Protein chains: 2
Amino acid sequence: MHTPTRKTAEPTVRRLSLYLRYLEAFEQAGRGTISSGELAQSGGTTSAQVRKDLSFFGSFGKRGLGYSTHELTVHIREILGLDRQWRLVIIGAGKIGSAVAGHRGFRDRGFEIVGIFDADPHRVGHALGGVTVSDVRHLETEVKRLRADMAVLAMPAESAPEVATRLAKAGVHAILDFSTAQLEVPSDVTVRSVNLALELEVLSFALVNR
Amino acid sequence: MHTPTRKTAEPTVRRLSLYLRYLEAFEQAGRGTISSGELAQSGGTTSAQVRKDLSFFGSFGKRGLGYSTHELTVHIREILGLDRQWRLVIIGAGKIGSAVAGHRGFRDRGFEIVGIFDADPHRVGHALGGVTVSDVRHLETEVKRLRADMAVLAMPAESAPEVATRLAKAGVHAILDFSTAQLEVPSDVTVRSVNLALELEVLSFALVNR
DNA sequence: ATGTGCTTGTGAAATCGTTCACAATCTAGG
DNA sequence: CCTAGATTGTGAACGATTTCACAAGCACAT
């Protein structure tokens, strides 16, 4: 596997993630090999796209035959960094935080929830998915102690920027943000936003311009 | 406002949605006008990008002055189709479904939750955010009766494709899917997927390639 | 009324991502 | 060992999106 010369396109990474899901299904089904065309069908793209995506990272296939499902699974896992355990904290024990905490399948894919935080004293101390909710006041020390790699922000937009800054200071380099806030973080911290209202608005646009 | 000649780029629509959020804040703060540069800063883009995005739909600004916050707000709302009420159903009353149902701010933005469905008899009949959970067996008739425009799928991937098909038949043309399934729907139905595991995997990739 | 300073709207250029098309190379079968 | 059939890997073409750069237009001060 050769590391891409410079930064890889995000759409490529997203598709790799999808390919991985389908590969796992194929492997379960006992298929030893798979062609770029078959992978493309599962992921709603084209065979050329699949091959191009993979070619950024190496040559994993055999001409005339396709890809070994098992080997390609291992390769993609390695590319995405899923060949290790990631330690995850959730900030906000409300509806969304609980949903994330209760989402089985995270742990299976290497994401271990090691801490949950909330500002509401009524929530602190209660268990959520086997993890006890801590007071967000102790965020820095706890996050360091837990050696968290990533954080999920499931809190009101008002407090999100401050918490993001504190997380960055505590050594968290990846944040998944469900709030609608615009986070200001150091350049070595990656932030991804999931904004439910925005998704509905894109759907609204699609309906109007149908 | 001139309707764009053909389909508008999705990134443009997403940014419009972000601009709208910042415009509302600016309007709240009593700012009468705003420049493309200021809007760009809020949305993490460039002033040229803002002007280009808006130019697909018309000329809303005044040279030398900028945009009227109020007028631009109204224009973007109209472009996105937020100048009307959308009727929303949620399929799946589990963790994610509850989070969506309880999300205040949807209603404020014109998305009214008119129905919630679940397959689990234990959940049917209970109220969630002021709406009683119905049995998913009655999906078609209920969705038609409620005149739903959009649906949120918050259910296991196994049953999602079937439900998506039934929704399409019942006249729903926009679906926001939280499952990891690949949905097959008629071309006049727009589907958007939000996949939590995938987002974490993109973050994982970012961490590994930092 | 004119000049100054600022900001828009938009072609043109640059960049980025996708699709095409085909040589290279593999397997399997005779 | 050789041929037929399949499928990869990848430059090159294409298409889409972003950035650049500047003329045009407006407000305000003088």
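Criteria and cut-off values
- Residues numbered from 1 in each chain as written.
- Chains lettered and ligands numbered in written order.
- Predicted model: local features only at pLDDT ≥ 70, side-chain atom pairs only at ≥ 80, totals over all residues.
- Heavy atoms only, no water.
- Near = heavy atom within 4 Å.
- Polar contact = N/O pair within 3.5 Å; in protein donor to acceptor, adjacent residues only side chain to side chain.
- Helix = DSSP H or I, 4+ residues; strand = E, 2+ residues; numbered from the N terminus.
- Nonpolar A, V, L, I, M, F, W, Y, C, P; charged D, E, K, R; others polar.
- Axes fitted to C-alpha atoms, helices over the stretch in contact; angles between N-to-C directions.
- Left-handed = near helix turned anticlockwise from the far one by under 90°.
- Contact = heavy atoms within 4.5 Å.
- Pairing = 2+ DSSP bridges.
- Buried area = accessible area lost by both parts, 1.4 Å probe.
- Salt bridge = Lys/Arg side-chain N within 4 Å of Asp/Glu carboxyl O.
- Least-squares fit on C-alpha atoms with pLDDT ≥ 70 in both.
- Buried < 20%, exposed > 50% of the residue type's maximum accessible area, 1.4 Å probe, protein only.
- Arc of directions from axis to C-beta.
- Domains from an automatic or database assignment.
- Expected span 1.5 Å × (residues − 1).
- Core = buried A, V, L, I, M, F, W, Y, C linked by side-chain atoms within 4.5 Å.

**Q** Hey, could you go over the protein's contact with DNA strand D for me, with residue numbers and the actual values?
**A** Close to DNA strand D lie 24 residues, the nearest being S36, R51 and Y67 of chain A together with R15 and R63 of chain B. At the protein interface, 61% of the atoms of DNA strand D within 4 Å belong to sugar or phosphate. Between DNA strand D and R51 of chain A, the relevant distance is 2.7 Å, taken from a base nitrogen to a side-chain nitrogen or oxygen of the residue. Residue assignment for the surface near DNA strand D shows that the elements contributing at least two residues are α3 (47-55), β2 (61-62) and β3 (66-68) of chain A together with α1 (10-28) and α3 (47-55) of chain B. Looking at the surface near DNA strand D, the element that brings in the most residues is α3 of chain B, giving four residues. Taken together, the residues of the surface near DNA strand D break down into six nonpolar, ten polar and eight charged.

**Q** Give a detailed account of the packing of α1 of chain B against helix α4 (residues 69-80) of chain B, specifying residues and quantitative values.
**A** Residues and elements named next belong to chain B. One way to put it is that α1 packs onto α4 with a least axis distance of 9 Å and a crossing angle of 145 degrees. Seen along the crossing, α1 lies across α4 with a hand that is left-handed. Residues V13, L16, S17, Y19, L20, L23, E24, F26 and E27 of α1 form the contact with α4, whose own contacting residues are T69, H70, L72, T73, I76, R77, I79 and L80. Its residues assigned to classes, the contact of α1 with α4 shows ten nonpolar, four polar and three charged.

**Q** For the protein's contact with DNA strand C, give the residues involved together with the corresponding values.
**A** Close to DNA strand C lie 24 residues; R15 and R63 of chain A together with S36, R51 and Y67 of chain B are nearest. Backbone sugar and phosphate groups make up 62% of those atoms of DNA strand C lying within 4 Å of the protein. One of the side-chain nitrogen or oxygen atoms of Q49 of chain A is found 3.4 Å away from a phosphate oxygen of DNA strand C. With respect to DNA strand C, the side chain of R51 of chain B contributes an N or O atom lying 2.7 Å from a base nitrogen.

**Q** Which residues make up the sheet that holds strand β1 (residues 33-34) of chain A, and what are the values?
**A** Residue and element names in this part refer to chain A. Taken in spatial order, the three strands line up as β1-β3-β2 in an open sheet, and their pairing is antiparallel. With one partner strand each, in any of the chains shown, β1 and β2 form the two edges of the open sheet. Two elements, β2 and β3, share two bridges in a ladder whose sense is antiparallel. If you follow K62 over to β3, its bridge partner there is G66.

**Q** Describe the interface of chain A and chain B, and please don't skip the residues or the numbers.
**A** In this complex, chain A contributes 58 residues to the contact, which on the side of chain B involves 59 residues. For the pair chain A and chain B, the summed buried surface comes to about 5,300 Å²; carbon and sulfur atoms form 70% of the total. Counting the surface chain A buries against chain B, the share from its top three residues, L200, E201 and F205 of chain A, is 13%. Joining chain A to chain B, the criterion identifies eight salt bridges. With its nearest N and O atoms 2.6 Å apart, the salt bridge here joins E201 of chain B to R109 of chain A.

**Q** Can you tell me about the environment of A160 of chain A, naming the residues and giving the values?
**A** With respect to the helices and strands, the residue A160 of chain A is situated in helix α7 (residues 160-169). Excluding residues within four positions of it along the chain, A160 of chain A makes contact with L153, M155, S179, A181 and L183 of chain A.

**Q** Hey, could you go over the relation of the copies chain A and chain B for me, with residue numbers and the actual values?
**A** Take chain A, turn it by 179 degrees, move it 0.0 Å along the axis, and it overlays chain B with an RMSD of 0.1 Å. With respect to symmetry, the two chain copies, as superposed, fit the operation of a two-fold axis. The fraction of interface residues of chain A whose copies in chain B are also interface residues reaches 100%, indicating that both copies meet through the same surface.

**Q** Before we move on, could you go through helix α6 (residues 139-146) of chain B and cite the residues and values that matter?
**A** All names here are of chain B. Turning to α6, its buried residues number three or more, namely L139, E142, V143 and L146. On an axial view of α6, the arc spanned by its buried residues comes to 100 degrees, and they lie on one face. Exposed and facing more than 90 degrees away from the buried side of α6 are T141, K144 and R145.

**Q** Tell me about the domain arrangement of chain A, and please be specific about residues and values.
**A** You'll often see interface size given as the accessible area lost when the parts meet. Domains assigned within chain A are domain 1 (10-79) and domain 2 (86-198). Distance between the C-alpha centres of domain 1 of chain A and domain 2 of chain A: 31 Å.

**Q** Could you give me a rundown of the side chain of S98 of chain A, with the residues and numbers involved?
**A** One can find S98 of chain A in helix α5 (residues 95-102). Exposure remark for S98 of chain A: the relative accessible area of 15% places this residue in the buried category. At 3.4 Å, the side chain of S98 of chain A and the backbone oxygen of A93 of chain A are in polar contact. With sequence-adjacent residues up to four places away left out, S98 of chain A is seen in contact with A93 and L128 of chain A together with K95 of chain B.

**Q** Outline α1 of chain B, listing residues and values.
**A** Taking 1.5 Å of rise per residue, 19 residues should cover 27 Å, and α1 of chain B covers 28 Å from first to last C-alpha, within 8% of that figure. Buried residues of α1 of chain B: T12, V13, R15, L16, S17, Y19, L20, R21, Y22, L23, E24 and F26 of chain B, and no others. As for α1 of chain B, its buried residues are in contact with α8 (196-208) of chain A together with β1 (33-34), α2 (36-43), α3 and α4 of chain B. Two residues or fewer past α1 of chain B, G30 of chain B is found with a positive phi of approximately 85 degrees.

**Q** A description of the nonpolar core should follow, citing residues and the corresponding values.
**A** Ranked by internal contacts, the top residues of the largest apolar core, which has 98 residues, are I76 and M150 of chain A together with I76 and M150 of chain B. Not counting residues within four places of it along the chain, the set of residues in contact with M150 of chain B comprises L200, L203, S204 and L207 of chain A together with W86, R87, L88, V89, F111, V172 and A174 of chain B.

**Q** Any details on the sheet that holds strand β3 (residues 66-68) of chain B? Residues and values, ideally.
**A** Read across the sheet, three strands follow the order β1-β3-β2 (chain B) without closing on themselves; strand pairing throughout is antiparallel. Only two strands of the sheet have a single partner each, and these edge strands are β1 and β2 (61-62) of chain B.

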